[in-house]
Amino acid sequence: MPDNEKVDPAAVIKSTYGPYTLPGRRYPRPLSPELEPWYLYTADGGHSILVVLDGLGDGDEVAAPVKAVLRQG
């Protein structure tokens, strides 16, 4: 995807994890403006951030635990 193309985090989350997310959940602490749009909550994974794993190919998004994402920066 070109760098100047806008991505809609809500649309990406819906297409990737839509039926598995539980709406209305919030992380107990404020998230940075960069991470907040990518936040989701799933019944089996809890508080997560949708991330793209390098080197696995195009479209390899996974829900990573918020704490792990915050530790990695």
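About the criteria used
- Residues numbered from 1 in each chain as written.
- Predicted model: local features only at pLDDT ≥ 70, side-chain atom pairs only at ≥ 80, totals over all residues.
- Heavy atoms only, no water.
- Helix = DSSP H or I, 4+ residues; strand = E, 2+ residues; numbered from the N terminus.
- Polar contact = N/O pair within 3.5 Å; in protein donor to acceptor, adjacent residues only side chain to side chain.
- pLDDT = per-residue confidence, 0-100.
- Pairing = 2+ DSSP bridges.

**Focus: the side chain of Ser48**
Looking at the secondary structure, you find Ser48 in strand S2 (residues 46-52). One polar contact links the side chain of Ser48 to the main-chain carbonyl oxygen of Gly46, over a distance of 3.2 Å.

**Some thoughts on the confidence of the model for the protein**
Here the protein averages 88 in pLDDT, and 88% of its residues register 70 or above. Per-element averaging of pLDDT across the protein places helix H1 (residues 9-17) at the bottom with 91 and strand S1 (residues 39-42) at the top with 96.

**Let's talk about the pairing of S2**
One ladder, built from 4 bridges, connects S1 with S2; its direction is antiparallel. For Tyr39, the partnering residue across the bridge sits in S2 and is Ile49. Between S1 and S2, which pair antiparallel one after the other, the connecting turn spans 3 residues. In this structure, S2 lies alongside strand S3 (residues 61-65), joined through 5 bridges in antiparallel fashion.

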